[in-house]
Amino acid sequence: MTHLVPVPGDLISANWHFAEPWVRSAVERAALIETVESYRARCLEGSAQLWLIRDDCVIGAAITEVYDSPKGLTCAVPVVGAVSLDDIGPAFEEIEAWARAEGCVRLEGCGRPGWPRALKSRGWRLLSVVVEKEI
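What you see as residue numbers is a count from 1 along each chain, following the sequence as written. Two thresholds apply to this predicted model, a pLDDT of at least 70 for residue-level local features and 80 or more for giving and counting side-chain atom pairs, whereas whole-chain, interface and lining totals are computed over all residues. Think of the side-chain values as coming from all heavy atoms in the structure, minus any hydrogens and water.

## Overview of the overall build of the protein
Numbering of helices and strands starts at the N terminus; helices are DSSP runs of H or I of at least 4 residues and strands are runs of E of at least 2. Each helix and strand counted, the protein has 4 helices and 5 strands in total. Overall, the protein shows an N-to-C arrangement of helices and strands of β-α-α-β-β-β-α-β-α. Within the protein, buried positions represent 38% of all 135 residues. Put simply, of all contacts in the protein between residues at least 6 apart along the chain, 56% involve residues at least 24 apart. A total of about 8300 Å² of accessible surface is found on the protein, and carbon and sulfur atoms cover 55% of it. Burial classes: relative accessible area under 20% of the type maximum marks a residue as buried, over 50% as exposed, and values in between as partly exposed (1.4 Å probe, protein chains only). The contact definition used throughout considers only heavy atoms, calling two residues in contact when any of these lie within 4.5 Å. Every accessible area reported is derived by Shrake-Rupley at a probe size of 1.4 Å, with residue values counting cover from the shown protein chains alone.

Here it is, written out as structure tokens:
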């Protein structure tokens, strides 16, 4: 059974090698503006949280960031990746519980076009589409 493990700030450097391939894949596949290094820096400084998705071993990783919005505290999930979408569902449930305990009233994510389909059954809905052109 998969579960989500938060990585305490003082252990991020020692555990980054587990998360880095998943973060890199998310950054590259979703064409995120952020870089692997910028996410690592934010996790180290404490403005973002690093999570490992584990079974018998690490099978994925996620990064969350909490920010205040006009609608209340929001937990953004800009990065999540795992061996399969089946492994990600339980991770989102644990992130949701953690975010609620932190006082968040919203969850937000971005990613590839398949995410809305994968998360619809868990109560997520598509709000917008981001397009980009490099010039």
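## Looking at the pairing of strand S3 (residues 58-69)
Most of S3 is tucked away, with 9 of its 12 residues classed as buried. Paired strands are those between which DSSP finds at least two bridges. In this antiparallel pair of consecutive strands, strand S2 (residues 49-54) and S3, the connection spans 3 residues. Inspection of the sheet shows S3 paired to strand S4 (residues 72-82) by 9 bridges, in the antiparallel sense. Looking at S4, one finds that Asp 68 is bridged to Leu 73. Where S3 hands over to S4, the hairpin turn is made up of 2 residues, counted between the paired strands.

## Side note on the environment of Ile 59
Along the chain, Ile 59 falls in strand S3. Among the residues examined, Ile 59 registers a relative accessible area of 10% and is labelled buried.

## A look at the environment of Thr 74
Counting through the fold element by element, Thr 74 comes out in strand S4. Sequence spacing of Thr 74 and Gly 103 is 29 residues, and the spatial spacing of their C-alpha atoms is 8.6 Å. Those residues in contact with Thr 74 that lie beyond four places of it in its chain are Glu 65, Val 66, Tyr 67, Ser 69, Cys 104, Arg 106 and Glu 108. Think of a polar contact as two N or O atoms within 3.5 Å of one another; within protein, one of them needs to be a possible hydrogen donor and the other a possible acceptor, and neighboring residues in sequence only count if both atoms come from side chains. Among the polar contacts listed, one links the side chain of Thr 74 to the side chain of Arg 106, at a separation of 3.1 Å.

By themselves, these observations are geometric and do not establish any function.
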